[in-house]
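Observations on the model geometry
What follows is each chain in one-letter form.
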Amino acid sequence: MSMKLVVVCGATGAQGGSVVKSLLEDGRYAIRGITRDVNSASAQALIAKGVEIVPGQPGDKESVMKAFEGAYAVFGVTNPTFAPGPEYEQGKNLVDACKANDVSLFVWSSLPHVAETSNGKYTGVFAFDEKAEVDKYIKSVNQPAVVFKTSGFTSNLVKFGQLRRDPQDPSKWHIHSAWVRGSTPAYTTDVERDVGPSVVAVINGWEDPTTRAELEKEPIPLCSYSISGNEKAEIVSKVSGTDVDFVVEYPTEGRDALPMLKSMYQWHEEDYVHYPSVPPAILLKLGVKFHSFEDYVKETVVPFMKSQQ
C-alpha cells in the first residue's frame, strides 16, 4: 500500500524545512518538497534523505499546479512582499492548485490582519494583511484547510542580529528592537522546532471527524509562548551568565523605518491581538510538545555568544 503524499512549499526554508524534518521523523508519508533551486545544497541534502524535490514557487501557478498532483495534504507558505498584490496572488495560486488537484487538506501559514484588527488605524502591512485575505479565499472556494497564525520568530534574535555585543564593553550584550518597548509581551513562534510537529499532528489527526471539526473551526495561533523583550534579556542573562539588557530604538532611516514595518511594530506595540491559549489547546491535545524561549537560549543563543568571543 502506497503512502499518502504530503507536498511542502518552501521545503528548504525555515517553515517548510521544519515541516519536512518532522515528516521524515514521522515516517508515515511520502514527501515532495517545492523549492526555487533544486540544485542548492539544502535541496540536495533533502533528496539524499529520500525527499522528492521539484522546482516551483507560489508566484508561478503552473509550477504549483503540477507539484500538487496526487497530494493528500499540502503545507503552504508564501514569500513576504513589500508591495500590494503579489502575496495574495501567491496564496490564491496555492489554493487554486489544491482545488484543481482535490487535495484533502491544505495547511496554510497565515498571519493576523493588521488593518482589520486595528479598525483601519494601521494599513499597508501587506505581508500580514494579504496572507489574512487568503484565509477568506480558502473559505470562499470551500477548500478543506487548517489555518495557522504564526507570530514573531524565536530565531530572529540571532538570525537578524537583534542580539549584539556592546562595542565598548565586550562583557555586555544588548537585545535591540525597533519601536516596541521592553515591557510589551509578544506572541512568538519557534519556527524551526514547533511548526513541523504542529503540521504533522494536524495531518495525522485529519481523518478523525471530531478532531477535524475542531481544527477547521477557526484559525489556530501557532505560537510557542508570549514573552517581552525585558523577559528575553533576563533569561539570556541568567542562562548565559552574561550581562544582557533590552534596548528599544526609534529608527529614522533604514529597513525598520519603512512605513510598512513601522506600522507593523506600532500595531504590535498597541497589542491588538489576543489569543485564548498559547500554546493552543488543540495542538497540545494532539501531542505537540512546544519549546520555550529558554530552550532556544540553551541550544542556540549561548553557543552563538561563545562563538563571538
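As a reminder, the structure under discussion sits directly above these lines.
In short, a report on the structure. (Residues numbered from 1 in each chain as written. Predicted model: local features only at pLDDT ≥ 70, side-chain atom pairs only at ≥ 80, totals over all residues. Heavy atoms only, no water.)

Section: the overall build of the protein chain
Applicable threshold: Helix numbering and strand numbering both begin at the N terminus, where a helix is a DSSP run of H or I of at least 4 residues and a strand a DSSP run of E of at least 2. Radius of gyration: over C-alpha atoms. The globule rule applied is 2.2 Å multiplied by the number of residues raised to the 0.38 power. To sort residues, take the accessible area from a 1.4 Å probe on protein chains only and compare it with the maximum for the residue type: under 20% means buried, over 50% means exposed, and anything in between is partly exposed. We call two residues contacting when some pair of their heavy atoms lies within 4.5 Å. For accessible areas, the Shrake-Rupley method is used with a probe of radius 1.4 Å. Any residue's cover is judged against the shown protein chains and nothing else. Charge counting treats Lys and Arg as positive and Asp and Glu as negative, with His and both chain ends excluded. Where a charge lies is defined by one atom per residue type, namely NZ (Lys), CZ (Arg), CG (Asp) and CD (Glu).
Looking only at helices and strands, the protein chain has 13 helices and 13 strands in total. The C-alpha atoms of the protein chain give 20 Å as radius of gyration, which agrees with the globular expectation for 309 residues (19 Å, within 12%). A principal-axis box enclosing the C-alpha atoms of the protein chain has dimensions of 60 × 45 × 40 Å. Relative to its full complement of 309 residues, the protein chain shows a buried share of 50%. Partitioning the contacts of the protein chain with sequence separation of at least 6, the portion at a separation of at least 24 is 75%. For the protein chain, the accessible area works out to roughly 14,400 Å², and carbon and sulfur atoms hold 52% of it. Side-chain charges in the protein chain split into 31 positive and 39 negative, and the spacing between the mean points of these groups amounts to 2 Å.

Considerations on helix α13 (residues 293–307)
What counts is decided by this rule: Working rule for helices: expected span equals 1.5 Å times residues minus one. We define the bend at each residue as the angle formed by axes fitted to the 7 residues ending at it and the 7 residues starting at it.
For α13, with 15 residues, the first-to-last C-alpha span of 20 Å sits near the 21 Å given by 1.5 Å per residue. At V301, α13 shows its strongest bend, of approximately 35°, with the proline P303 following within four residues. Within α13, burial applies to F293, Y296, V297, V301, V302 and M305.

Topic: the side chain of K131
Within the secondary structure, K131 sits in helix α6 (residues 126–140). Not counting the four nearest positions on each side in its chain, K131 is found in contact with T78, E87, W108, S109, S110, L111 and F126.

Some points on the packing of helix α4 (residues 86–100) against α6
Stated precisely, the cut-off is as follows: Helix axes are fitted only over the stretch in contact, all axes being lines through C-alpha atoms; the angle between N-to-C directions runs from 0 to 180 degrees. The labels follow the angle: roughly parallel below 35 degrees, roughly antiparallel above 145, roughly perpendicular from 65 to 115, and oblique for the rest. Two helices cross in a left-handed way if the nearer one is turned anticlockwise from the farther one by less than a right angle. They cross in a right-handed way if the turn is clockwise. Residues are grouped as follows: nonpolar covers Ala, Val, Leu, Ile, Met, Phe, Trp, Tyr, Cys and Pro; charged covers Asp, Glu, Lys and Arg; every other residue, Gly included, is treated as polar.
Contact pair α4 / α6: the axes reach a minimum separation of 8 Å and the direction vectors enclose 30°. Compared by their axis directions, α4 and α6 come out roughly parallel. Here α4 and α6 pass one another in a crossing that is right-handed. Here P86, E87, Y88, G91, K92, V95 and D96 of α4 come into contact with α6, specifically with F126, A127, E130, K131, E133, V134, Y137 and I138. A class-by-class count of the residues in the contact of α4 with α6 yields eight nonpolar, one polar and six charged.

Comments concerning the pairing of strand β1 (residues 5–8)
Convention followed: Orient the strands so they point away from the viewer; a crossover is then right-handed if the path from the first strand over the helix to the second runs clockwise. Paired strands are those between which DSSP finds at least two bridges.
With burial as the criterion, each face of β1 is covered, one bearing L5 and V7 and the other bearing V6 and V8. Between the parallel elements β1 and strand β2 (residues 30–35), the chain passes through helix α1 (residues 14–26) in a crossover that is right-handed. Sheet topology places β1 next to strand β4 (residues 73–76); three bridges connect them, and they run parallel. Bridging from a neighbouring strand, V8 pairs with F75 of β4.

Things to note about the pattern of salt bridges
As a reminder, the rule being used: Salt bridges are defined by distance alone: a side-chain nitrogen of Lys or Arg within 4 Å of a carboxyl oxygen of Asp or Glu.
The tally for this structure, following the rule as stated, stands at 19 salt bridges. We note a salt bridge from E87 to K131, for which the minimum N-O separation is 2.2 Å. Linking E87 in helix α4 with K131 in helix α6, this pair joins segments that are 44 residues apart in sequence. Considered together, E87 and K131 belong to a single accessibility category, that of buried residues.

Some details on the sheet that holds strand β12 (residues 225–228)
The three strands lie next to each other as β7-β10-β12, forming an open sheet whose pairing is mixed. Pairing within the sheet leaves two strands with one partner each, and these edge strands are β7 (152–153) and β12. Two elements, β7 and strand β10 (residues 185–189), share two bridges in a ladder whose sense is parallel. Residue pairing across strands places G152 opposite T188, the latter belonging to β10.

Observations concerning the packing of α1 against helix α8 (residues 191–205)
Contact pair α1 / α8: the axes reach a minimum separation of 7 Å and the direction vectors enclose 55°. By the angle between their axes, α1 is oblique relative to α8. Every pair of crossing elements has a handedness; the one defined by α1 and α8 is right-handed. Every residue of α8 that contacts α1 at A14, Q15, S18, V19, S22, L23 and D26 is listed here: V191, E192, R193, V195, G196, P197, V199, V200, I203 and N204.

Points about the pairing of β4
Residues A73 and F75 point to one face of β4 and V74 and G76 to the other, with burial holding for every one of them. Sheet topology places β4 next to strand β5 (residues 105–110); four bridges connect them, and they run parallel. Along β5, the bridge assignment pairs A73 with L105.

Some thoughts on the sheet that holds β5
Taken together, seven strands build an open sheet; the order of strands is β3-β2-β1-β4-β5-β6-β11 and the sheet is parallel. Edge positions in the sheet fall to β3 (52–55) and β11 (220–221), since each has one partner strand and no second. On the sheet, α1 packs against β1, β2, β4 and β5 and is oriented at approximately 155° with respect to β1. Sheet strands in contact with α6 are β5 and β6 (145–149), and its direction is about 155° off that of β5.

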